[in-house]
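Residues per chain, in single letters:
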Amino acid sequence: MRVVSGNYGGRPLKTLAGKTTRPTTDKVKGAIFNMIGPYFDGGRVLDLFAGSGSLAIEAVSRGMDHALLVEKDRAAQQVILENIKMTKEPEKFQLLKMSAERVLTNLSESFDLVLLDPPYAKEQIVENLELLQEKNLLTEKVIVVCETDKEVELPDKIGKLELTRQKTYGISKISIYEF
């Protein structure tokens, strides 16, 4: 796995061994960012189930100013810290070592890009997006990227967010929501 494009393009990323996370392949990651960008002119990204941190690092590599990564798994946290170190710009990243639910109840800043790839897709995505809206944590121009198993069917609307694009890549489905 590597950073696909941007300031850190081509740099290798560490992944977590085992089955606790399923890293987004470089092909799918490239496709995601081509759907939503591919580059950004600043902004804040929230990666609620960060895994290896690959998606948030890609977003910063492509122009986001800051990434907040949330991960409760200790082994994954170590991988994220090593991947952040690889960027040589650790000040652009913040890792919160706790559950997404706990983070969402305490956040106050808003985000321009939200990345959701939870272990229990549909229920968790709907719940998380409803809470993010309820707490006004999304900017007017927010883009929400949900990565799920291709069998998961997400609703066309979650609160005020509308499904704008959806594409399947192998076993993964990418769903994009916007206001």
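Residues numbered from 1 in each chain as written. Predicted model: local features only at pLDDT ≥ 70, side-chain atom pairs only at ≥ 80, totals over all residues. Heavy atoms only, no water.

A. Expanded view of helix 3 (residues 74–87). When the terminal C-alpha atoms of helix 3 are compared, their 21 Å separation across 14 residues agrees well with the 20 Å that a helix rising 1.5 Å per residue should span. Buried within helix 3 are the following residues: Ala 76, Gln 77, Val 79, Ile 80, Asn 83, Ile 84, Met 86 and Thr 87. Its buried side turned inward, helix 3 meets helix 2 (54–61), strand 2 (66–70) and strand 3 (93–96). The backbone nitrogen of Ala 75 lies 3.2 Å from a side-chain oxygen of the residue at the head of helix 3, namely Asp 73. Where helix 3 ends, the next residue or the one after it, Lys 88, has phi of about 60 degrees, a positive value. (Helix = DSSP H or I, 4+ residues; strand = E, 2+ residues; numbered from the N terminus. Expected span 1.5 Å × (residues − 1). Buried < 20%, exposed > 50% of the residue type's maximum accessible area, 1.4 Å probe, protein only. Contact = heavy atoms within 4.5 Å. Polar contact = N/O pair within 3.5 Å; in protein donor to acceptor, adjacent residues only side chain to side chain.)

B. Representation of the nonpolar core within the structure. Residues Ile 36, Leu 69, Leu 113 and Val 145 are the most contacted members of the largest nonpolar core, which totals 32 residues. Elements represented by at least two residues in this core include exactly helix 1 (26–36), helix 2, strand 2, helix 3, strand 3, strand 4 (111–116), strand 5 (138–149) and strand 8 (172–178). It is helix 1 that contributes the most residues to this core, 6 residues altogether. Excluding residues that lie within four positions of it along the chain, Leu 113 makes contacts with Phe 33, Ile 36, Phe 40, Arg 44, Val 45, Leu 46, Ala 59, Met 64, Val 142, Ile 143 and Val 145. Within the second largest apolar cluster, 27 residues are counted, among which are Leu 46, Leu 68, Val 114 and Val 126. (Core = buried A, V, L, I, M, F, W, Y, C linked by side-chain atoms within 4.5 Å.)

C. Main features of a negative patch on the surface. A cluster of like negative charges, contributed by Glu 101, Glu 123, Glu 127, Glu 130 and Glu 134, occupies part of the molecular surface. For the negative patch, the element with the highest residue contribution is helix 5 (residues 121–134), accounting for 4 residues. Looking at the element boundaries, Glu 130 is found in helix 5. Residue class for Glu 130 comes out partly exposed when judged on its relative accessible area of 43%. (Patch = residues over 30% accessible without salt bridge, like charges linked within 9 Å, V, L, I, M, F, W, Y side chains within 5 Å. Areas by Shrake-Rupley, 256 points an atom, 1.4 Å probe, with all protein chains shown as cover. Salt bridge = Lys/Arg side-chain N within 4 Å of Asp/Glu carboxyl O. Lys, Arg positive; Asp, Glu negative; His and termini not counted. Charge placed at Lys NZ, Arg CZ, Asp CG, Glu CD.)

D. Quick peek at the sheet that holds strand 6 (residues 157–158). If you trace the 8 strands from one edge of the open sheet to the other, you get 3-2-1-4-5-8-7-6, paired in mixed fashion. Two strands in the sheet have a free side with no partner beyond their single neighbour: strand 3 and strand 6. By the bridge criterion, 7 bridges tie strand 5 to strand 8 in an arrangement that is antiparallel. What sits directly across from Glu 147, in strand 8, is Ile 174. In the packing of helix 1 onto the sheet, the strands contacted are strand 4, strand 5, strand 7 (161–169) and strand 8, and the crossing angle to strand 7 comes to about 145 degrees. Against the sheet, helix 2 contacts strand 1 (44–47), strand 2, strand 3, strand 4 and strand 5, and its axis sits at roughly 170 degrees relative to strand 1. (Pairing = 2+ DSSP bridges. Axes fitted to C-alpha atoms, helices over the stretch in contact; angles between N-to-C directions.)

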